[in-house]
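# Residue-level structural notes
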Amino acid sequence: MNSESHKTMSQEKHNYATMSYQSSDVETGEQNYYQQQATAVAEPKVLTQCDITERHVFIGKVFRIVLLQLLVTCGFIALFLFDTGVRDYFYAHPGLAWIAIIFSFVFLLMLVCCRQVAMSYPANYLILLGFTVCEGFLLGVISSVYDTSAVLLAGLITLAVTLTLIVFAMQTSYDFTGMGGYALCFLVVFVLAGFVRIFICKPGTCNTFEVVYAAIGALLFSFLMVYHTQLIVGGDSQYQFHNNDYVIAALSLYLDIINLFTFILRLVGGGGGQSR
């Protein structure tokens, strides 16, 4: 009896050990599976490789971010337009504009040049927030030298143009994403012409050039808005964003909108600010 009991106990221990190993193998296999799934989700994919749900999530996230950025920017503009205390404080401390410009470029370079940073949550949101605050402050400063009516008119025109171009970019069968190289070349020439204008034109002496330059700038950033919108919505476009480029996509569209606003504002204001 003792021998049989010993054999029975040994057999039970062996079965228990076997079941433990099998259970451990199953758990390890499940962990590996979920790790592979997480890795697959984390890997960037072009929007054409995503299903319709993923694309809608990406598009919705991008436009929500842009909307929040625009609300922050409008808040700064309103603050400078309607609060004389804020406006007078800035005029007494003009160095704040240079600080905002420097930080704006730093934040922009961090997002554009460091792709890993642009995809790292929450660092990407915090950097984008810092950039938006700096740009909102600078746009508030720019708007403060124009009449309130001119700023409101420019804002309404920008809103109408933006909505029209976004709908057009989504509905048209023509693919603008293959023209990114041409747009980049034109943008470089346009920026260089702006620097030359600073050194050649004295205030009040190049009004015609200012109007023409503002009109060209408005057309350029209107095209870039269509270009970036097609990169965002995907579809049959030749080039597209990846599914985790939502911060870069929002940044691109936001820059198009605020630059369009500044050039329309200069057109409405006759090419230059109207002192208050």
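Parameters at a glance
- Residues numbered from 1 in each chain as written.
- Predicted model: local features only at pLDDT ≥ 70, side-chain atom pairs only at ≥ 80, totals over all residues.
- Heavy atoms only, no water.
- Axes fitted to C-alpha atoms, helices over the stretch in contact; angles between N-to-C directions.
- Helix = DSSP H or I, 4+ residues; strand = E, 2+ residues; numbered from the N terminus.
- Parallel < 35°, antiparallel > 145°, perpendicular 65-115°, else oblique.
- Left-handed = near helix turned anticlockwise from the far one by under 90°.
- Contact = heavy atoms within 4.5 Å.
- Nonpolar A, V, L, I, M, F, W, Y, C, P; charged D, E, K, R; others polar.
- Salt bridge = Lys/Arg side-chain N within 4 Å of Asp/Glu carboxyl O.
- Buried < 20%, exposed > 50% of the residue type's maximum accessible area, 1.4 Å probe, protein only.
- Patch = residues over 30% accessible without salt bridge, like charges linked within 9 Å, V, L, I, M, F, W, Y side chains within 5 Å.
- Areas by Shrake-Rupley, 256 points an atom, 1.4 Å probe, with all protein chains shown as cover.
- 1 Å grid on protein atoms, 1.4 Å probe; cavity = no way out; pocket = protein on both sides within 12 Å on 5 of 7 lines; lining within 4 Å.
- Points joined across faces, edges and corners; volume = space filled by probe spheres on them.

What follows deals with the packing of helix H4 (residues 95–113) against helix H10 (residues 246–268). Packing of H4 against H10 brings their axes to within 10 Å, and their N-to-C directions diverge by 135 degrees. The angle between H4 and H10 falls in the class oblique. In the packing of H4 onto H10, the handedness of the crossing is left-handed. Counting all contacts with H4, which are made through Leu108, Leu111 and Val112, the residues of H10 involved are Val247, Ile248, Leu251 and Leu255. Taken together, the residues that form the contact of H4 with H10 break down as seven nonpolar, no polar and no charged.

In this section: the pattern of salt bridges. Close approach of charged atoms lets side chains of opposite charge pair. Applying the stated criterion to the full structure yields one salt bridge. The residue Arg266 makes a salt bridge to Glu210 at a minimum N-O spacing of 2.6 Å. Note that Arg266 is positioned in helix H10 and Glu210 in helix H9 (residues 207–233), a separation of 56 residues in sequence. In this structure Arg266 comes out as buried when scored by relative accessible area, which is 16%. Overall, Glu210 belongs to the buried group, its relative accessible area being 12%.

This next bit is on a nonpolar patch on the surface. A grouping of Leu184, Val188, Val191, Leu192, Phe195, Val196, Ile198, Phe199 and Ile200 is seen on the molecular surface, where their side chains present a nonpolar patch of about 930 Å² in accessible area. Here Val188 shows up in helix H8 (residues 180–200). On the basis of relative accessibility, which here comes to 43%, the residue Val188 falls in the partly exposed class.

Of the volumes computed, that of the second largest pocket is approximately 640 Å³. Looking at the second largest pocket, it is lined by 26 residues, and the ones nearest its centre are Leu70, Cys74, Gly155, Leu159 and Ile257. Within the residue set of the lining of the second largest pocket, elements represented by two or more residues are helix H2 (52–82), helix H7 (148–171) and H10. For the lining of the second largest pocket, the element with the most residues is H2, which contributes eleven residues. Of the residues assigned to the lining of the second largest pocket, the class counts are 22 nonpolar, four polar and no charged.

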